[in-house]
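Chain by chain, the residues:
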Amino acid sequence: MSDEIKTTALGRIGGAAAKAAAYAMMLLFTAMTLYPIFWLIMNSFKSTREFQVSQLAFPKEPTLSNYVEAWKMGDFGLLFPNSLIYTIGATVGIVFVSLLAGFAFAKIASRATKPIYNGFVIGILITAQSLMIPLFLEVNLLGIYNTRFAVLLVYIGTGLPIGVYLATEYIKAIPSALIESARIDGASFWRIFAKIIVPMSMPVAVTLSILNISNIWNEFALINILVSRTELKSLPLGIYKFSGSLSTDYGKQFAALTIGMVPMLLFYIVFRKQITRGVAAGAVKG
Amino acid sequence: MPNRNRLHGEEGRAYWSMVLPAFSIYLLVMAFPIVLSIVLSVSNYSGGKMFGGEPWGFAGLKSYARVFSDPLFWNALKNNFYIVLLSVFGQLPLGFIFAYIIYRRLVKWPGFWQGVLYVPNIISVIVVGLLWQTIFSPNGPIAEVMNDLARAGFQSRLEALFASVGGFNVDDGLVSKILDMAGPAALDWFSDPVPELKELILSYEGAPLSELIGDLCNLFVPRWSPEFLSKPNIAMLPVLFVILWMYTGMYLILFLANMQKIDSQVIEAARIDGASEGQVMRYVILPALSGTIVNSAILAISGSLSSFSLIFAMTGGGPSRVTEILSIYMYNNAFLGRPNLPLANAISLVMVVISFILIGLTKMAEKRYGGKEE
Amino acid sequence: MKRMIAAILLIAVAAVGGFAQEKVTLTVMNYQQADQAGYPEDVKIWQDFQAANPDITLNIEVLFNDPYHQKLQAYAAAGTMPDVFYVWPGARSAVIHEKKLAKDLNQLLGAAYLKDFSASATNPANQLGGYMAMLPQSFTYTSVMYVNTKLLADNGFKPPKTYADLKKMVPKLKAKGIAVAMLPNKDAWPMQSCLFSTVVGRMAGDDFLDAILAGKAKFTDKPFVAALEVIQNLYKDGILSREDVQIGYGEAAGMFASGKAAIYIDGDWRAGAYITDKASGKALISPAAQDKDFALMPFPAIPGEKNRGVVSAVAGTGWAVSASLPAGSAKEKAATRLIQYLYSNDVQAIRFNTGAYVPTRKGVKADVEPLVAKVPVFYAENPATCYVIDGVLDPAVYNVINDGLIAIGLGTKTAAQVAAETQAAFESWKASK
């Protein structure tokens, strides 16, 4: 079937020329993408002095000391698990809570929906900077300053506007007939959520995960305000330690940045398969 | 049908139990800051303990007046506008094209391309900013190449000039010609150009001519500097380019995922009916994706208005504010030295209102041009 | 019997309670970063205090740059200031001074203690709030010419005494690929802090700035415009390269050390960048070379200057004690002990040794490398100081000056234009107060 489309498409678009143009564009983008990563990793093996002399050449005296010292000085052993906890915890939280609310907004009619839903949408436009001081005040008032709970709460809260918006829009498209027939069979709303909505919402769940995982992993401004104890800090705070106003210890900073980036890349390579699976699952419609 | 206006019993319980988690977290994390932001923006709070310290109160729309009368605000707004335009009319179409290319199997290894094109999104902006500064620095690679080129040109002209007077034969005429080649800016370096330059050249007597020529090059060849980085408007171009590179991948994935949801049978039917590629695009694919396009536009708009770290890492808003955007403008007023929170929050709320307007326009556009989902 | 036992128990408990020292916990905010010179020494300084004072527990939060300021703002807004914290004497810590969030150290430490510090450090007028919210650890000269005398001598020049001397050097040095002077201004503040302030002091003087603040003079008046024109001419005459506007602050030190410029203009704190790095044992300029081949000089005489030889200087950073500690409490006493420790001869000697600054505490001796040792000599040779602009003007105004100086460096604006813009910014700032 799909081969038929393929051959007719090629025939229409112009065959080799179109193919070549497509490859060229993609390759250009790829080169631009991979080079900075290569540059970063290459430079992380140079001492800072060497980097200041030549930023683009291969390291003449490669050294591992940047990694060792950066890891120690930045307490990365502590920060790493924290970043994992915050990123995974918050993303799961966002997806779950958004799907839940999305289901309610999309499929259960209520007058309360319009104002509450619009309230969420306003939140999409708020930046982290506006949140910094008010959140600090709140967190102190509630006595949850310097807790992982507060960090997770804040990360989930900031991801909800987009999450609820996308989830609601998506779930609206799920045929109501499915739900009605389940109701007639006597299923509770929660059961319907678990058995029907969640499996069918894989694509939007994946979308939300993509949106949030890299944002939270690299997030820096809010967590700086929310915690002060090193045991609770995340990777970006550790990485930031190495760039100052008077001088930057490039060697260690690059090592730190690579340490921060590699898990994301690895996770992403693994995760890529789930995208296809998730998308394929959503493509099957009843 | 049961009465839809009031939620009874089980429906009511389900609704509220499902909405409450999101709603309560949201209230806690975002509602209070939003309200506080509005209150601060019309206050005269000037620092210190906010609740329970020195009393502060209503100050009217003073901060807003300051914002709108500040040329730097309009400068930042204009730059943000460029980003919004680029995001909506650059990232989205590009992402769409890439998605389409993959979808229509114009290139092999769809998984690989998807993966690679999304990676820029993951790279920390600090890396991008640093690499950026390195490449455009006066000591960086571009400068090196440009300077070498300029120098080579100047050098050959000098050599020709000296050859034309037969070697080290220095007179006022020669000196004047050299000064002409050097350009007017160099004249300021001397109190009395011709005699001084003559004296300088004569001091090389006995040394090889190549040394003299080399040093004259050092002296007069203009050093390349990325001037466009300090010109308003033009300075935004490299920034826009990097933004395009960073975020297109995300839209690629969104569009591709939704394209793959389209029932292939519909496309086949259209083909069998003789529809061209363009017609399939217009009548099948685009309408099916209209929801996604709108969502992406909304994401793009809100993202481009709140974007901060990337530009901050690359240029810091400079030099001299030419690449400053609203979030950096707000940052400069909110945290450095003597923070002006009423002003910063006024800026923040203006940003929210602008986003609102843009998103409203987007939704209106969808109603007019978009199609049904299925 | 029971009563006796009870009584004995009571006395025993009271005795134990009385002998047990009251444990105090202090929160501290420290401004430090792993890559800064003197970082390991700093860590040790705090450890030593805790070891010597087991009855005081310190909760130290360490931040740097923007995150530091943001966090401090947040604490101020919440009213939960740390007990002891690092602070600037001027606008960078405006909130602390203006809202009186720090105790008056004059009262807390007492005049007898403060006698050991230089007059400029104990002068409350040097701080934004007009009282001693903190004690400056240094009184830093922001405008020093680091002169590579050897490089100049190799090219037949003596160290410059006048502006004309500088101009004469241009053709010959440039021909050798050497910049006459370098001032990296990508970050905007260096030109204003490290050179322009001195030029303003020479051409206009502190009285002029005071008059502007009092509304009796304008930025568009001759003296200020003349100062801007000096900067304009520095670029025009080739003494400063227009390229410098693209050079980042961290890049330039290495360039100067490798002979790319004959003169490097920066604050006195920069001496620390050239000395031996204790961790790697490497120095940008070897101590022997520091001694013989380099000199510290004030900016040469400028044609038309009113105040000969003044150099811009400003009180440096230091520590403050939170105003919310109850007077006479155990916490206040503990904080006082901590402060006295931080300003003690031993600790200040360690700081001096790292080349961070020259202490305001009198009589601190340390084994410093030649370049750093030249700094107090520089102070002594140049006693007349003038304002640093970002210490007396509001950010709303001096940011415009900073941007204007960059524009002058690029050649996109004239002195008159920048003066006009500055005046406009000043007037709108005044109106908004």
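Residues numbered from 1 in each chain as written. Chains lettered and ligands numbered in written order. Predicted model: local features only at pLDDT ≥ 70, side-chain atom pairs only at ≥ 80, totals over all residues. Heavy atoms only, no water.

**Some remarks on the overall build of chain A**
Item 1. When you go through chain A residue by residue, the secondary structure sums to 14 helices and zero strands.
Item 2. Moving toward the C terminus, one meets the helices and strands of chain A in the order α-α-α-α-α-α-α-α-α-α-α-α-α-α.
Item 3. The proportion of buried residues among the 286 residues of chain A is 56%.
Item 4. Residue pairs at least 24 apart in sequence account for 72% of intrachain contacts in chain A once pairs closer than 6 positions are excluded.
Item 5. Summing over all exposed atoms, chain A offers an accessible surface of approximately 12000 Å²; the carbon and sulfur share of this is 67%. (Helix = DSSP H or I, 4+ residues; strand = E, 2+ residues; numbered from the N terminus. Buried < 20%, exposed > 50% of the residue type's maximum accessible area, 1.4 Å probe, protein only. Contact = heavy atoms within 4.5 Å. Areas by Shrake-Rupley, 256 points an atom, 1.4 Å probe, with all protein chains shown as cover.)

**Side note on the domain arrangement of chain A**
All names here are of chain A.
Item 1. Along its sequence, chain A is carved into domain 1 (9–53) and domain 2 (65–283).
Item 2. Taken together, the contact pairs twelve residues of domain 1 with 13 residues of domain 2.
Item 3. Looking at the side of domain 1 facing domain 2, the largest losses of area belong to Leu 40, Ser 44 and Thr 48, adding up to 51% of the total buried there.
Item 4. Counting across the domain 1 and domain 2 interface gives three residue pairs in polar contact (both at pLDDT 80 or more).
Item 5. Of all the secondary structure elements, the ones that give two or more residues to the side of domain 1 that touches domain 2 are helix H2 (16–44) and helix H3 (48–53).
Item 6. Of all the elements, H2 adds the most residues to the side of domain 1 that touches domain 2, at six residues. (Domains from an automatic or database assignment. Buried area = accessible area lost by both parts, 1.4 Å probe. Polar contact = N/O pair within 3.5 Å; in protein donor to acceptor, adjacent residues only side chain to side chain.)

**Structural notes on the pattern of salt bridges**
Item 1. Counting across every chain of the model gives 22 salt bridges over all chains.
Item 2. Across the pair Asp 172 of chain B and Lys 198 of chain B runs a salt bridge whose closest N-O atoms are separated by 3.2 Å. Remark: Lys 198 of chain B occurs in helix H9 (residues 193–202) and Asp 172 of chain B occurs in helix H7 (residues 172–182); sequence separation between them is 26 residues.
Item 3. By relative accessible area, Asp 172 of chain B is classed as partly exposed at 41%.
Item 4. Of the residues examined, Lys 198 of chain B reaches a relative accessible area of 26% and is grouped as partly exposed.
Item 5. When the shortest N-O distance is used, the salt bridge between Asp 237 of chain C and Lys 167 of chain C registers 3.5 Å. Here Asp 237 of chain C, found in the loop between helix H11 (222–236) and helix H12 (249–257), pairs with Lys 167 of chain C, found in helix H8 (residues 163–175); they are 70 residues apart in sequence, far enough to count as distant. Of the two residues examined, Asp 237 of chain C and Lys 167 of chain C, each falls in the buried class.
Item 6. Among the charged side chains, a network of salt bridges with common partners joins Glu 211 and Asp 215 of chain B together with Lys 176 of chain C. (Salt bridge = Lys/Arg side-chain N within 4 Å of Asp/Glu carboxyl O.)

**Some thoughts on a nonpolar patch on the surface**
Item 1. Residues Val 353, Phe 356, Ile 357, Leu 361 and Met 364 of chain B make up a contiguous nonpolar surface patch of about 490 Å² in total accessible area.
Item 2. Structurally, Ile 357 of chain B can be placed in helix H16 (residues 341–369). (Patch = residues over 30% accessible without salt bridge, like charges linked within 9 Å, V, L, I, M, F, W, Y side chains within 5 Å.)

**Some words on the environment of Leu 235 of chain A**
Residue and element names in this part refer to chain A.
Item 1. Assignment of secondary structure puts Leu 235 in helix H13 (residues 235–240).
Item 2. Judged by its relative accessible area of 1%, Leu 235 falls in the buried class.
Item 3. Note: C-alpha distance between Leu 235 and Trp 217 (18 residues apart in sequence) is 7.8 Å.

**Things to note about the interface of chain A and chain B**
Item 1. Contacts between chain A and chain B engage 100 residues on the former and 89 residues on the latter.
Item 2. Around 8900 Å² of area is buried between chain A and chain B when both sides are counted, 77% of it from carbon and sulfur atoms.
Item 3. Our count for the contact surface shared by chain A and chain B stands at four residue pairs in polar contact (both at pLDDT 80 or more).
Item 4. Top element by residues in the side of chain A that touches chain B is H2 of chain A. It accounts for 16 residues.
Item 5. Looking at side-chain class alone, the side of chain A that touches chain B contains 69 nonpolar, 20 polar and eleven charged residues. (Nonpolar A, V, L, I, M, F, W, Y, C, P; charged D, E, K, R; others polar.)

**Let's talk about the confidence of the model for chain A**
Detailed reading of the predicted model is not advised wherever pLDDT is low.
Residue and element names in this part refer to chain A.
Item 1. Residues of chain A with pLDDT of at least 70 account for 85%, and the chain-wide mean is 79.
Item 2. Taken element by element, chain A is modelled with least confidence in helix H1 (residues 2–13), mean pLDDT 43, and with most confidence in helix H5 (residues 76–107), mean pLDDT 91.
Item 3. Across residues 279–286 the pLDDT falls below 50, and counting only partners more than four positions away or on other chains, this stretch makes seven contacts in the model. (pLDDT = per-residue confidence, 0-100.)

**Here's the deal with the domain arrangement of chain C**
All names here are of chain C.
Item 1. Taken as a whole, chain C is organised into domain 1 (19–136 + 317–356) and domain 2 (141–313 + 380–432).
Item 2. Contacts between domain 1 and domain 2 engage six residues on the former and six residues on the latter.
Item 3. Counting across the interface, domain 1 meets domain 2 through zero salt bridges.

**Notes on the packing of H5 of chain A against helix H1 (residues 9–41) of chain B**
Item 1. At a closest axis distance of 8 Å, the pairing of H5 of chain A and H1 of chain B adopts a crossing angle of 140 degrees. Regarding the angle of H5 of chain A to H1 of chain B, the classification is oblique. As H5 of chain A runs across H1 of chain B, the sense of the crossing is left-handed. Here Val 97, Leu 100, Ala 101, Phe 103, Ala 104 and Phe 105 of chain A of H5 of chain A come into contact with H1 of chain B, specifically with Tyr 15, Met 18, Val 19, Pro 21 and Ala 22 of chain B.
Item 2. A per-class count over the contact of H5 of chain A with H1 of chain B returns eleven nonpolar, no polar and no charged. (Axes fitted to C-alpha atoms, helices over the stretch in contact; angles between N-to-C directions. Parallel < 35°, antiparallel > 145°, perpendicular 65-115°, else oblique. Left-handed = near helix turned anticlockwise from the far one by under 90°.)

**Here we look at the pairing of strand E6 (residues 144–148) of chain C**
Residue and element names in this part refer to chain C.
Item 1. Burial within E6 is extensive, with five of its five residues counted as buried.
Item 2. Bridge count for E6 against strand E8 (residues 261–266) is four bridges, and the pairing is antiparallel. Among the inter-strand pairings, Val 144 is bridged to a residue of E8, identified as Asp 266.
Item 3. Where E6 and strand E9 (residues 294–297) come together, four bridges link them in antiparallel fashion. Pairing of Met 145 across the sheet is with Met 297, part of E9. (Pairing = 2+ DSSP bridges.)

**Description of the sheet that holds strand E1 (residues 24–31) of chain C**
Each strand in a sheet pairs with its neighbour through backbone hydrogen bonds, running either in the same direction (parallel) or in the opposite one (antiparallel).
Residues and elements named next belong to chain C.
Item 1. One open sheet accounts for five strands, arranged E2-E1-E3-E11-E4; its pairing is mixed. The open sheet terminates on both sides in strands that have one partner only, identified here as strand E2 (56–63) and strand E4 (135–136).
Item 2. The pairing of strand E3 (residues 84–87) with strand E11 (residues 318–321) spans four bridges and is antiparallel. Looking at the pairing, Phe 85 lines up with Ala 320 of E11.

**Concerning unusual backbone geometry**
Item 1. Despite not being glycine, Asn 233 of chain B has its phi angle at roughly 70 degrees, a positive value.
Item 2. Mapping Asn 233 of chain B onto the fold places it in the loop between helix H10 (209–220) and helix H11 (236–259).
Item 3. Although it is not a glycine, Lys 100 of chain C sits at a positive phi angle of roughly 50 degrees.
Item 4. Within the secondary structure, Lys 100 of chain C sits in the loop between helix H4 (94–98) and helix H5 (105–109).

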